[in-house]
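# Descriptive analysis of the structure
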Amino acid sequence: MSAQQESPAVAVARAHVEAWANHDFDTARSMLADDVHVVATSTNPTRAGNYMEGLIAFAQPIVPGSVRILASTGDERNALLTLTMTMAGGPFGAGAAAPGARLYHLDDDNKIETEQVIFYVAPNSPESV
């Protein structure tokens, strides 16, 4: 199947990013399969509840409204998004940029079954400018 920019998987992935980026964690949770598998550096397969704990910890210091989807592609079951966001604070400082990519696979119920996350937070300091 060929990749389509506005495929079903891309629509789910975009909606998921929009939900957690705006701290709507109930909506983000509703889009997960019960046994979601996420890979973020060395994270092992986890239950949806554990996934949400990690996602909330990651998303809380994001400036609401700062997440921008730069590109997306996918088909009925797979989606790849590249995005950027701005951190409100935390160890990297207010205004730190956090570009990344997220690769999704949907199950038969169009729930996120697998997600791979790659991101880099650039410290916002005079040395990094």
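Parameters and conventions
- Residues numbered from 1 in each chain as written.
- Predicted model: local features only at pLDDT ≥ 70, side-chain atom pairs only at ≥ 80, totals over all residues.
- Heavy atoms only, no water.
- Pairing = 2+ DSSP bridges.
- Helix = DSSP H or I, 4+ residues; strand = E, 2+ residues; numbered from the N terminus.
- Expected span 1.5 Å × (residues − 1).
- Buried < 20%, exposed > 50% of the residue type's maximum accessible area, 1.4 Å probe, protein only.
- Arc of directions from axis to C-beta.
- Contact = heavy atoms within 4.5 Å.
- Polar contact = N/O pair within 3.5 Å; in protein donor to acceptor, adjacent residues only side chain to side chain.
- Core = buried A, V, L, I, M, F, W, Y, C linked by side-chain atoms within 4.5 Å.

Relative to strand β5 (residues 112-119), strand β4 (residues 100-106) runs antiparallel, the two sharing seven bridges. Counted as the bridge partner of glycine 100 is phenylalanine 119 from β5. The turn joining β4 and β5, which pair antiparallel and follow one another in sequence, is formed by five residues; a positive phi near 60 degrees is taken by asparagine 110.

In this section: helix α3 (residues 48-59). Taking 1.5 Å of rise per residue, twelve residues should cover 16 Å, and α3 covers 16 Å from first to last C-alpha, within 8% of that figure. Of all the positions in α3, only Ala48, Tyr51, Met52, Leu55, Phe58 and Ala59 are classed as buried. End-on view of α3: buried residues confined to an arc of 125 degrees, all on one side of the axis. Seen from the open side of α3, the exposed residues pointing more than 90 degrees away from its buried face are Glu53 and Ala57.

So, about the environment of asparagine 110. By the secondary structure assignment, asparagine 110 is in the loop between β4 and β5. On the accessibility criterion, asparagine 110 (37% relative accessible area) is partly exposed. Ignoring anything within four residues of it in the chain, the contact list for asparagine 110 reads Val12, Glu76 and Arg77. One polar contact links asparagine 110 to arginine 77, side chain to side chain, over a distance of 2.9 Å.

Here we take up the nonpolar core. Among the nonpolar cores identified, the biggest contains 34 residues, and Trp20, Ile62, Val67, Met85, Tyr104 and Ile112 are the most heavily contacted of them. Those elements that place two or more of their residues in this core are α1 (8-21), α2 (25-30), β1 (32-40), α3, β3 (78-84), β4 and β5. In contact with tryptophan 20, other than residues within four places in its own chain, are Phe25, Ala28, Leu55, Phe58, Ala59, Ile62, Val67, Met85, Arg102 and Tyr104.

Within the chain, histidine 23 stands out as a residue other than glycine whose phi angle is a positive 60 degrees. Mapped onto the secondary structure, histidine 23 falls in the loop between α1 and α2. Unlike most non-glycine residues, asparagine 110 shows phi in positive territory, near 60 degrees.

Where burial is concerned, the two faces of β4 differ: the one with Gly100, Arg102, Tyr104 and Leu106 is buried and the one with Ala101, Leu103 and His105 is not. With six bridges joining them, β3 and β4 adopt antiparallel strand pairing. Of the residues in β4, the one forming a bridge with threonine 82 is alanine 101.

The end-to-end C-alpha distance of α1, which contains 14 residues, comes to 20 Å, matching closely the 20 Å that a straight helix rising 1.5 Å per residue would cover. Residues Ala9, Val10, Val12, Ala13, His16, Val17, Ala19, Trp20 and Ala21 constitute the buried set of α1. After α1 finishes, the residue histidine 23 shows a positive phi value of roughly 60 degrees.

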